[in-house]
Every structure is written in structure tokens, then in C-alpha cells.
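# Architecture and fold: a report
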Amino acid sequence: MIEFENVNKIYQDGTTAIKNFSLKVENGEIVTLIGPSGCGKTTSMKMINRLIKPTSGTIYINNKNINEYNIHELRWNIGYVLQEIALFPHLTVEENISLVPEMKKWKRSDIRKRTEELLEMVGLDSVTFLKRMPRELSGGQQQRVGVIRALAADPDIILMDEPFSALDPISREQLQKDIRKLQKEIQKTIVFVTHDMDEAMALGDKVCLMKDGEIVQIDTPQELILNPGNQFVKDFIGERKSPWQTAIDVIADQSKSNVISKKSYTEGAYSNSGMYIICNENNTYAGAINNGIKVDITTLPNDLPLYKATEIIQQTKEQSLFPVLKDQAVVGVISNKDIVMYLRSKTKIENGVMQS
């Protein structure tokens, strides 16, 4: 959908704002641009709708050089949401949202229908809000109108430049949820600039972390957390941790309902009873039985992160229960059921959909 190919931007005073910038944004994807102030994230985004011209390199939309598009055609197909909401104060909510569709000569009935649909989509009752003036709206409501104004003419691409940074934390979090929910319904291609790492992680299908005009790492939020490419990425992410990084001794079942002592075990006992872990008197691991028969099984160290443990468990399909050991002492056992229960406890359920 959008592709940057070796793009550079050097200003007349010699300042290099963007250097060797290559990025692909797939159709229907949200890519968040994040990095320190002055890293070039807003400059990169403004190049997409030709508000800023690259010094060299090429930007494509749908495999066509953006310079080959008529400038009005290009920008009419790109919605733009700024931090400064910039609703026209003398126009009603309906009139603000209708501006671009009117310029594109949509039918009045189609514009009204679209406006009502979009208002309802972001939780604003159309009957209540259509005729209100911007001054009658809260900051969060104004920003919602700003977002749907960008969507009104049904553009393929939405550019969002720190749109929620001026809002209070509660409004900001709610709008992030709105964008995620909205994206499931409208499937637009969104480039979202933010200085907030939590926001970038919450919204982005991919996160593009920048420094000094260059891309440091592009990855899914999960991969950025689990596999930061260098120390800068680690430092920028900070202490944010995915549930997948949790050490498995936190997750393991410590009830020892599936642990028996070697002293009390007799040959043939626990027949047809599934898997049990055997311990010595000092609680050290002494083996395992499955339906009363001794078996060799895989054990897991207690400090192993969940994502690594899951890889081992998936490769060991014949084994249903895994002892978790600390210095050979059994601190608990873990199964697929324990993992699922843990992940569910760390996941919000909204409208039947799991939200990380």
C-alpha cells in the first residue's frame, strides 16, 4: 500500500532529517512511528501526502510514485488527524465532518448517512451531536470528531500525528480503544506518529522505532519487547514486559497434586491415572510415571521465560505435564492448561474479543 524506498531529507542548512528510510506499510495495517523528539517521525509521515518533499528516494502508494498523482487526488484519498484538532469553530459537528465529501461532490443524502454512521461508530449519538458546535464538546469528543472527519470521504489511508497527546489519560486510553475497534470495522491503512511507547505498542500492528532520522528496528510489538535489536531499543522500551516473558515458576501449579514421593511409590501404583512427578525426600526430582509406568520426560528450569517454555512444550507433544526445577528441586508443574489460564488472566475480554 505505502512504500518508502531509500528516502532521504536534507534541509538547506545541511541538517539531515531522514536518512536511508525504507518502510513498507501493508494494506489495512496500522504502523506506529515512535522515537525521541527530532528523530524524523513526523517528517516521514508528512512526505506521504507531499506536505514535505524528499531530497532523494521514492515513495509509492499502490505501487505508483506519489509524484505521479494529482496533488488533490492524492490528498483527498488520505485522511489527516493532528494533535491540534482544528475543528472549524463556526461550523456544526455535521458541517465539519461533511467538508471533504462535499468537495468531492457526494450526494447530500449520502453525506448525512455517512456522518451519522461515523458518529455512532465512535460512540457519539448522531441525534445529540449532529447540530452541536465544537465549543459544546469535551476534548475527547472533539478529537473523536476530528478522527471521523478524516474518515468521512472514505479514504484508503489515514495519517495521525500525535492526535491524543493533549488529552487526559482516561480520554486518551478510551480513544486508543476506539481506534482499535474502529480499525476492525473499517480496515484502513494507518500511519500513526506518537512519542508514547505504550500507545505505539497498543495500536501498532508494526512499530517503527527511529533515531536521528534512521530506522533502528521495525517489528511487531511482541518482537520488539522479546527481541530488542540493540541497547537503544532496550532502553527506549524500558521495563515493559509481555506476559510471554514471565518466568514459568510464577505460572506453575505449586499444589503438588501431581507430585508423589519416591519413598511412598510402589511399582505398578497409579495405573491408568495419568502422569505424576516423583520426588526424593529432599524434594529433588527423581523421575516420572505415566499410567504407572516409569518414563523419561523433559524438565524445565524455573527461570525459563514462558515463550521459550512454550516452544519446548510444543516440540514435546507426547508429554502432558512438565516439572519445573530450581537447582533440581521441584517447585511445581506446568501444563498447557496452566499456560492458557495465565494468559487469560493477563488478557481483557471486550465484546467477546481478546485484547492484549
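These remarks concern the structure in this document. In this text the structure is predicted, and so the values were computed from the model without any measurement. Counting starts from 1 at the beginning of each chain's written sequence and moves along it residue by residue. Local features are withheld for residues below a pLDDT of 70 in this predicted model, meaning they are given only at 70 or higher, and side-chain atom pairs are given and counted only at 80 or more; totals for whole chains, interfaces and linings count all residues. To get the side-chain values, take all heavy atoms of the structure and skip hydrogens and water.

## Structural notes on the sheet that holds strand 8 (residues 189–193)
Two strands qualify as a pair provided that DSSP identifies no fewer than 2 bridges between them. Secondary structure elements follow DSSP: runs of H or I of four or more residues count as helices, runs of E of two or more count as strands, with numbering from the N terminus. Read from one edge of the open sheet, six strands run 6-7-8-3-9-10, paired in mixed fashion. Unpaired on one side and paired on the other, strand 6 (78–82) and strand 10 (214–219) mark the two borders of the sheet. Mean inter-strand twist for the sheet, computed between neighbouring axes without regard to direction, equals 15 degrees. Bridge count for strand 3 (residues 30–34) against strand 9 (residues 206–211) is four bridges, and the pairing is parallel. If you follow Leu 33 over to strand 9, its bridge partner there is Cys 208. Two residues qualify as a contact provided that any one of their heavy atoms is within 4.5 Å of a heavy atom in the partner residue. What counts as an axis is a line fitted to C-alpha atoms, over the stretch in contact for a helix, and the angles between N-to-C directions run from 0 to 180 degrees. Against the sheet, helix 1 (residues 41–48) makes contact with strand 3, strand 6, strand 7 (157–161), strand 8 and strand 9, and its axis sits at roughly 150 degrees relative to strand 7, the strand it touches most.

## Brief notes about the environment of Glu 223
Looking at where Glu 223 falls in the secondary structure, it is placed in helix 9 (residues 221–226). Considered as a pair, Glu 223 and Ser 242 are 19 residues apart in the sequence and their alpha carbons are 9.8 Å apart.

## As for the layout of surface pockets
Picture a little ball the size of a water molecule; that probe, rolled over the atoms, points out where space is still empty. Taken as a whole, the second largest pocket encloses approximately 480 Å³ of empty space. Sorting the residues of the lining of the second largest pocket by element identifies helix 2 (71–76), strand 6, helix 3 (93–103) and helix 6 (139–151) as the ones contributing at least two each. Broken down by element, the residue count for the lining of the second largest pocket peaks at five residues, all from strand 6. Here a cavity denotes a set of grid points, spaced 1 Å apart and computed over the protein atoms alone, in which a 1.4 Å probe fits but from which it cannot get out, and a pocket denotes an open set meeting protein on both sides within 12 Å along at least five of seven lines; residues with an atom within 4 Å of a point are reported as lining. Grid points are joined across faces, edges and corners, and a volume is the space filled by probe spheres set on the points.

## Comments concerning the nonpolar core
Only buried Ala, Val, Leu, Ile, Met, Phe, Trp, Tyr and Cys residues count toward a nonpolar core, and they belong to the same one when joined by side-chain atoms within 4.5 Å. Burial classes follow relative accessibility: with a 1.4 Å probe on protein chains only, a residue under 20% of its type's maximum area counts as buried, one over 50% as exposed, and anything between as partly exposed. In terms of nonpolar packing, the biggest core is built from 30 residues, with Val 147, Leu 151, Met 160 and Phe 164 touching the most fellow members. At five residues, the largest contribution of residues to this core is made by helix 6. Setting aside anything within four residues of it in sequence, one finds Phe 164 in contact with Gln 143, Val 147, Arg 172, Leu 175, Gln 176, Ile 179, Phe 192 and Glu 199. Residues Ala 17, Phe 21, Val 25 and Val 193 belong to the second largest nonpolar core, which totals 28 residues.

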